[in-house]
Amino acid sequence: MDPRAKRSLGKSGVELPLFGLGGAPLGELFVKVTEADAEATLQAAWDKCVRYYDTAPWYGRGQSEHRFGRFLYRQPRAEFVLSTKVGRVLKAPRYPERFDQGFWSGGLQFDHVFDYSYDAIMRAYEDCMQRLGMNRIDLLVIHDLDYWHHATEPKVQAYLGQLIGGGWRALEELRSGGQIKAIGAGINELGMMPRFLDLFDIDFFLVALRYTLMEHDSLDSELPYCERRDVGIIIGGVFSSGVTATGAGPGAKYNYADASPEVLDKVRRIQAVCERHGVPLQAAALQFPFGHPSVASVIPGAIRPDQVEANLGYFRHVIPTAFWQELRHERLIREDAPLPGA
């Protein structure tokens, strides 16, 4: 596949490159990353013609946005697409001496509050522009309004209430006024896409982990609903948080946890098919989502230039149709999963 080629992002009118760079790793998700390595990684992506960049305030508690912005503000603004996210407001910790990085290996020392109200969406949007050093953001994503982060129906309903009561109006004002080109929602689990589609005129979803080489349950109802509504899909977590990048070795991760024996067995079986057809496992993971017509882009992250170059090499790798057909025959992908190139 050609990483410079573009697909329409649903009904938004945005033409999105098939391959983008995801920003969570440069927020020090799993390991700390030096400023020199971050700069070199972004430079490698730019030099290899990557022109879609996705970040978020939550990634390293502002660090990813700062790093992306310091690099991208020096590039011609018309040449790339930029997305970031709203739903959290960062603020100074009350007790800096007791600050806990929590989920992140590094990053900056800021607390956050979830807030999807009108004023908070506008503040988050303005804060993003300041951290990025940009006066325009192309795609704005409602971030982490789901059970994964809020656990209970009353909390999810309360935050949806904030969005219905004012936050969505803020997003529509930005879209209709031309400050942003499209509104999306970040999804980590099944069940939330239909709720967003029933409530809002959403342009796209950024789907993490839920439509990958390893997982296809979103084909039951979510993706067909998106297709009927002409809503685009961007795929995050395309390697299922690790296992289809590393293979079924010791310490392999699947959806941010240690891979189970069942997952490892499935990956080994996929790897066996890969070996028979001369296809790298990583290439299969990166290209599989594009069988679905709603998918516009994948956004793997990287922390070193060689990772960017490797992912682009896997993306360009020519995969024979017989490979996908054997995966289907071996029931390693669903019978109804649309195949790339079919």
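Scroll up to find the structure this text is about.
Rules of the game
Residues numbered from 1 in each chain as written. Predicted model: local features only at pLDDT ≥ 70, side-chain atom pairs only at ≥ 80, totals over all residues. Heavy atoms only, no water. Phe/Tyr/Trp six-rings, centres within 6.5 Å; stacked < 30°, edge-to-face > 60°. Helix = DSSP H or I, 4+ residues; strand = E, 2+ residues; numbered from the N terminus. Buried < 20%, exposed > 50% of the residue type's maximum accessible area, 1.4 Å probe, protein only. Polar contact = N/O pair within 3.5 Å; in protein donor to acceptor, adjacent residues only side chain to side chain. Contact = heavy atoms within 4.5 Å. Pairing = 2+ DSSP bridges. Right-handed = clockwise from strand over helix to strand, strands pointing away.

Draft legend 1. The packing of aromatic side chains, seen in detail. Tallied over the full model, the rule gives 22 aromatic pairs. Geometrically, the ring pair formed by Trp-46 and Phe-71 is edge-to-face, given 6.5 Å between the ring centres and 65° between the ring planes. With Trp-46 in helix α1 (residues 35-47) and Phe-71 in helix α2 (residues 63-72), this residue pair connects regions lying 25 residues apart in the sequence. The buried category is assigned to Trp-46, whose relative accessible area is 9%. You can call Phe-71 buried: its relative accessible area is 0%. Plain terms: the ring middles of Tyr-59 and Trp-104 are 6.3 Å apart, the flat faces sit at 55° to each other, and that makes the pair tilted.

Draft legend 2. Summary view of the side chain of Asp-144. Position of Asp-144 among the secondary structure elements: in the loop between β8 (139-142) and α4 (147-150). A distance of 3.5 Å separates the side chain of Asp-144 from the side chain of His-143, its partner in a polar contact. A polar atom in the side chain of Asp-144 sits 3.3 Å from the side chain of His-149. Setting aside anything within four residues of it in sequence, one finds Asp-144 in contact with Trp-58, Arg-88, Phe-114, Tyr-116, His-149, His-150, Gly-186 and Asn-188.

Draft legend 3. Representation of the sheet that holds strand β11 (residues 232-236). The eight strands are arranged β3-β4-β5-β8-β9-β10-β11-β14 in an open sheet whose pairing can be described as parallel. In the strand order of this sheet, the two ends are held by β3 (21-22) and β14 (295-298), each with one partner. In terms of strand pairing, strand β10 (residues 204-208) meets β11 through five bridges, oriented parallel. Paired with Phe-204 across the two strands is Gly-232, which belongs to β11.

Draft legend 4. Main features of the pairing of strand β5 (residues 81-86). The buried fraction of β5 is high, at six of six residues. In this structure, strand β4 (residues 52-54) lies alongside β5, joined through three bridges in parallel fashion. Bridging from a neighbouring strand, Tyr-52 pairs with Val-81 of β5. In terms of handedness, the path from β4 via α2 over to β5 forms a crossover that is right-handed. Inspection of the sheet shows β5 paired to β8 by four bridges, in the parallel sense. Bridge assignment links Thr-84 to a residue of β8, and that residue is Leu-140.

These values are about where atoms sit, not about what they do.
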